[in-house]
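What follows is each chain in one-letter form.
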Amino acid sequence: MLLRIDRYPAAWMLLGVCLATTAPGIRASDTRATATGAKAIAAQGDAQRGVPPCAGCHGAEGQGNGLAAFPRLAGLPARYLRQQLETLADGQRNSAVMSSIAKALSPDEVSALSAYYSELPVPASSPQPAGSDPAAAAELAEHGRADDRLPACVLCHGRRGVGIGDDFPPLAGQSATYIANQLEAWKAGARPAGPMGLMPRIAAKLSESDIRGVSAYFAAQPATRDVQP
Ligand code: HEC
Ligand code: HEC
């Protein structure tokens, strides 16, 4: 499938149908049962099973740590977080740091931790430096590049990257290094394609300097809870 902007509305509807029919929602009863447990694992981990506290890397508020490429988790969609933990656990997504942690969690804990982090308030992001050519990066992020049939990032990730719905995660205020690492992972085939294989096709069209630029651009945008519906 070629990436054509005029096809997106149809693609989105298709995506919505696929996800609605294949992805089970988090049942309220599951999360209620383990919400306290999720908070405890986030803050203290579970030493007996070798699970380190999530807060040690992702921050006490789930705010992440840009310097160390630890992503923000607070306010990300619960379904998205759960899917990432599942693919990290089953080896489709590979991270030297996260894979073994995800493997040690039970399915209930994965659901409860995903709900816990998605409900945390979005922390104010600390200002991050703009890249070397901020105007070119902003142009790519907001308008794409028609010659390469590269759609604007904000088409799917929302105005200034605040995220859209359950399936298009926010990029605003996310660690620049983390964003760049994910784009590199898709280029290298090291992260699963995700919904409709959208991101690998996009990442393949980005040069090294595009990646540095858009990563810095989104890292510098204010994170907000104002996720577009
Ligand atoms: C030792 C540091 C460390 C600890 C502890 C840790 N993480 Fe992570 N986590 C990372 C790193 C690094 C990544 C990024 C992996 C990558 O680049 O693909 C990550 C990625 C993630 C992601 C994917 C985010 C996204 O936007 O796709 C989720 C979800 C996650 N971690 C949840 C957790 C949870 C829940 C815990 C606690 C049980 C935890 N992490 C503990 C370092 C850590
Ligand atoms: C056609 C829709 C679409 C467009 C356009 C798009 N993305 Fe995405 N992006 C997605 C989807 C869907 C995901 C979730 C992938 C998954 O679930 O693994 C995603 C995920 C990401 C992630 C991972 C976030 C995280 O927390 O791990 C990054 C980084 C990203 N996109 C960057 C970009 C950049 C930069 C652009 C523009 C050059 C862009 N995207 C354009 C659909 C899109």
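Residues numbered from 1 in each chain as written. Chains lettered and ligands numbered in written order. Predicted model: local features only at pLDDT ≥ 70, side-chain atom pairs only at ≥ 80, totals over all residues. Heavy atoms only, no water.

Under the annotation held in an unreviewed UniProt entry, the chain carries the name C-type cytochrome and is attributed to Rhodanobacter hydrolyticus.

Details of the site of ligand 2
Here is the rule we go by: Residues are counted as near a molecule or strand when any one of their heavy atoms sits within 4 Å of it. Side-chain atoms alone can form a polar contact between residues adjacent in sequence; in general such a contact is a pair of N or O atoms within 3.5 Å, and within protein one must be able to donate a hydrogen while the other accepts it. Each helix is a run of H or I in the DSSP string that is no shorter than four residues. Each strand is a run of E no shorter than two, and both are numbered from the N terminus.
Close to ligand 2 lie 24 residues; Cys-153, Cys-156, His-157, Tyr-178 and Met-199 are nearest. Here a nitrogen atom of ligand 2 sits 2.8 Å away from a polar atom, N or O, in the side chain of His-157. Between ligand 2 and the protein, one listed contact pairs an oxygen atom with a side-chain N or O atom of Tyr-178 at 2.6 Å. Where the shell around ligand 2 is concerned, the elements lending two or more residues are helix H4 (78–89), helix H8 (153–157), helix H9 (176–187) and helix H10 (198–204). For the shell around ligand 2, the leading source of residues is H9, giving five residues.

What about the coordination of the iron atom of ligand 1?
Worth spelling out the cut-off: For Na, K and Ca the donor cutoff is 3.2 Å, while for all other metals N, O and S atoms count as donors only within 2.8 Å; water does not appear among the atoms, so some sites may look incomplete. Only two sets of limits are used to name each site, 85 to 135 degrees for every angle of a tetrahedral four-donor site, and over 155 degrees for opposite donors with all other angles from 65 to 115 for a square planar four-donor or octahedral six-donor site, with any other site named irregular. Whether a residue is buried, partly exposed or exposed follows from its accessible area with a 1.4 Å probe, protein chains only, as a fraction of its type maximum: under 20%, in between, or over 50%, in that order.
Protein coordination at the iron atom of ligand 1: the donors are His-58 (NE2) and Met-98 (SD), at 2.0 to 2.2 Å from the metal. For the iron atom of ligand 1, the six donor atoms in the first shell make angles of 83 to 179° at the metal, a pattern classed as octahedral. Taken together, the residues span a long stretch of sequence, with His-58 in helix H3 (residues 55–58) and Met-98 in helix H5 (residues 98–103) at a distance of 40 residues. Classification of His-58 as buried rests on a relative accessible area of 9%.

Quick notes on the nonpolar core
As a rule of thumb, soluble globular proteins bury nonpolar side chains together. Worth spelling out the cut-off: Throughout, nonpolar core names a set of buried Ala, Val, Leu, Ile, Met, Phe, Trp, Tyr and Cys residues whose side chains join them through atoms within 4.5 Å. Every residue pair with non-hydrogen atoms within 4.5 Å of one another is taken to be in contact.
The biggest cluster of nonpolar side chains holds 22 residues, and the ones touching the most others in it are Leu-113 and Tyr-117. For this core, the elements supplying multiple residues, two or more each, are helix H2 (28–44), H4, H5 and helix H6 (107–119). When residues of this core are assigned to their parent elements, the largest contribution, five residues, is made by H6. In this structure, Leu-113 is in contact with Ala-38, Ile-41, Ala-42, Cys-54 and Leu-105, ignoring residues within four places of it in sequence. Ala-138, Cys-153, Ile-179 and Ile-211 belong to the second-largest nonpolar core, a separate cluster that totals 21 residues.

So, the coordination of the iron atom of ligand 2
Those donors, His-157 (NE2) and Met-199 (SD), are the protein atoms that reach the iron atom of ligand 2, and they lie 2.0 to 2.3 Å from it. Note that the iron atom of ligand 2 binds six donor atoms; their angles at the metal cover 84 to 179°, and the shape is octahedral. You can see His-157 sitting in helix H8 and its partner Met-199 sitting in helix H10, a full 42 residues away along the chain. With respect to class, His-157 is no different from Met-199; both count as buried.

Brief notes about the environment of Trp-186
Following the sequence through the fold, Trp-186 ends up in helix H9. By relative accessible area, which is 12% here, Trp-186 ends up buried. C-alpha separation for the pair Trp-186 and Gly-197, spaced eleven residues apart in sequence, amounts to 10.0 Å. Sequence-distant contacts of Trp-186, that is, excluding residues within four places in its chain, are made with Arg-191, Pro-192, Ala-193, Met-199, Pro-200 and Ala-203.

Comments concerning the site of ligand 1
Around ligand 1, the surrounding shell holds 23 residues, and the nearest of these are Cys-54, Cys-57, His-58, Arg-93 and Met-98. A distance of 2.8 Å is found between a nitrogen atom of ligand 1 and a side-chain nitrogen or oxygen belonging to His-58. At 2.9 Å, a side-chain N or O of Gln-182 approaches an oxygen atom of ligand 1. Among the elements of the structure, H3, H4, H5 and H9 are those that each provide at least two residues to the shell around ligand 1. Looking at the shell around ligand 1 element by element, the count peaks at four residues for H4.

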